[in-house]
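Working through the structure, step by step
Here is how the chains run, residue by residue.
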Amino acid sequence: MEQEPRSVRLRIDLGYDGSGFSGWAAQPGRRTVEETLAVALGRALRLPAPPGLTVAGRTDAGVHARGQVVHADVPAPAWTTLTGTPPTGPPARPAPLAAPASSAPLTRLAAALPPDVRVHAVGPAPDGFDARFSALWRRYSYRVCDDPARADPLRRHETLWTPRRLDLAAMNEAAASLTGEHDFAAFCRRREGATTVRTLRVLDWQRVTADHGPTAGHGRTAEDGPGLAVATVVADAFCHNMVRALVGALLAVGEGRRPPGWPAEVLAAAVRDPAVRVVPPHGLCLEEVGYPEPAELATRAAQTRNRRTATASRPASGC
């Protein structure tokens, strides 16, 4: 008879409203997403102490998430007791936002969590899965309303309001010069021993005229449409304040205060420019984290660890 493993690695997909949190990372005397989730998971599994969590992207105070991913190693008997199913033979790839075989974990977590955090899926992860190091990319969005008549007070906690009409064509022209692998020191808050080299895959702005879906891609877009401008930002990882600084530089272009070539000049200088505004956190949301196929998870994690060890450790996010 096959013996049940002593521990099981859980993949947890969640979303949260960052308005009431001092960011993801646990801090003494502060309300954080990490501590809130760990305490709830400990209660749901009836553990003697909250488990340790590893997150795909560490979000700053006030930043939201729809597609955050976490892993936690917990005692296998606790998971079995909760679900009634031994944690053997996990699905090849836990689908984000898909309910697990048993609804008990989600029900128990919903009861233990406050209303501004929700777990969408939880279950045994494939072999080799690491929420942080197995990730291929992270996708963020940043929402800006540039039409005062269309500012939605119900979405004020997730949208930056600006009175100046934005020129998205100029912003996208500027953004195109920033994609690729670069040293983003000019757009990051430096940390001792950490590299600021990143691969920026996508930096793009679109106007959304029917904003009913969870991301800009679910709405109808039109370059000259009214109301809402949404940035999509995808990279292998982000350094501290990187997305918000990039958005700030592009808003300066969109408002006509800087030419489209200015952000590339800032990037080439490789030093922080006081003219680059780090925009407020509430417009920023972690939308999705991408992972390779299950058979490639362990290899990807090893490659990422080796690369970061060679260039000094760096956080996965902090935007």
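Quick look at the structure, then. (Residues numbered from 1 in each chain as written. Predicted model: local features only at pLDDT ≥ 70, side-chain atom pairs only at ≥ 80, totals over all residues. Heavy atoms only, no water.)

Further remarks concern the overall build of the protein. Looking only at helices and strands, one finds seven helices and 10 strands in the protein. The buried share of the protein, taken over its 319 residues, is 53%. Taking as baseline every contact in the protein between residues at least 6 positions apart, the subset at least 24 positions apart corresponds to 74%. Put simply, the protein shows about 14,200 Å² of open surface, and 52% of that area lies on carbon and sulfur atoms. (Helix = DSSP H or I, 4+ residues; strand = E, 2+ residues; numbered from the N terminus. Buried < 20%, exposed > 50% of the residue type's maximum accessible area, 1.4 Å probe, protein only. Contact = heavy atoms within 4.5 Å. Areas by Shrake-Rupley, 256 points an atom, 1.4 Å probe, with all protein chains shown as cover.)

This part covers the packing of aromatic side chains. Taken as a whole, this structure holds two aromatic pairs when the rule is applied. Taking 5.1 Å as the distance between ring centres and 55 degrees as the angle between the ring planes, the aromatic pair formed by Phe129 and Tyr291 counts as tilted. A residue pair is termed long-range when its members are at least 10 positions apart, and Phe129 in the loop between β4 (117–124) and β5 (137–145) and Tyr291 in the loop between β10 (284–290) and α7 (297–310) qualify at 162 residues. Neither Phe129 nor Tyr291 differs from the other in exposure class; each is buried. Taking the centre distance of 5.2 Å and the plane angle of 90 degrees together, the rings of Tyr140 and Phe238 count as edge-to-face. Note that Tyr140 is positioned in strand β5 and Phe238 in the loop between β9 (228–235) and α5 (242–254), a separation of 98 residues in sequence. For the pair formed by Tyr140 and Phe238, the shared burial category is buried. (Phe/Tyr/Trp six-rings, centres within 6.5 Å; stacked < 30°, edge-to-face > 60°.)

This part is about the nonpolar core. Most often, soluble globular proteins have nonpolar side chains that are buried together. Of all hydrophobic cores here, the largest spans 82 residues; its most connected members are Phe187 and Trp205. Take this core: its biggest share by element is 10 residues, from α5. (Core = buried A, V, L, I, M, F, W, Y, C linked by side-chain atoms within 4.5 Å.)

Our next topic: the side chain of Thr59. Note that Thr59 resides in the loop between β2 (54–55) and β3 (64–75). Within polar-contact distance, the side chain of Thr59 engages the side chain of Tyr16 at 2.7 Å. (Polar contact = N/O pair within 3.5 Å; in protein donor to acceptor, adjacent residues only side chain to side chain.)

Another aspect to go through is the pattern of salt bridges. The tally for this structure, following the rule as stated, stands at 15 salt bridges. Asp116 is paired through a salt bridge with Arg31; the nearest N and O atoms lie 2.9 Å apart. Taken together, the residues span a long stretch of sequence, with Asp116 in the loop between α3 (104–112) and β4 and Arg31 in the loop between β1 (7–16) and α1 (33–44) at a distance of 85 residues. You can call Arg31 partly exposed: its relative accessible area is 36%. In this structure, Arg305 and Asp130 form a salt bridge, with 2.8 Å as the shortest nitrogen-oxygen distance. (Salt bridge = Lys/Arg side-chain N within 4 Å of Asp/Glu carboxyl O.)

The next thing to look at is α5. Here α5 is 13 residues long and its end C-alpha atoms lie 18 Å apart, about the 18 Å a rise of 1.5 Å per residue gives. Of all 13 residues making up α5, 13 are buried, and the element is well covered by its neighbours. Note on α5: the residue one or two positions beyond its end, Gly256, has a positive phi of about 85 degrees. (Expected span 1.5 Å × (residues − 1).)

Let us now look at the packing of helix α2 (residues 76–83) against α3. At their nearest, the axes of α2 and α3 sit 8 Å apart, and the two run at 95 degrees to each other. Put simply, α2 runs roughly perpendicular to α3. Packed against α2, whose contacting residues are Trp79, Leu82 and Thr83, the element α3 presents Ala104, Pro105 and Arg108 at the interface. Residue classes in the contact of α2 with α3 are distributed as four nonpolar, one polar and one charged. (Axes fitted to C-alpha atoms, helices over the stretch in contact; angles between N-to-C directions. Parallel < 35°, antiparallel > 145°, perpendicular 65-115°, else oblique. Nonpolar A, V, L, I, M, F, W, Y, C, P; charged D, E, K, R; others polar.)

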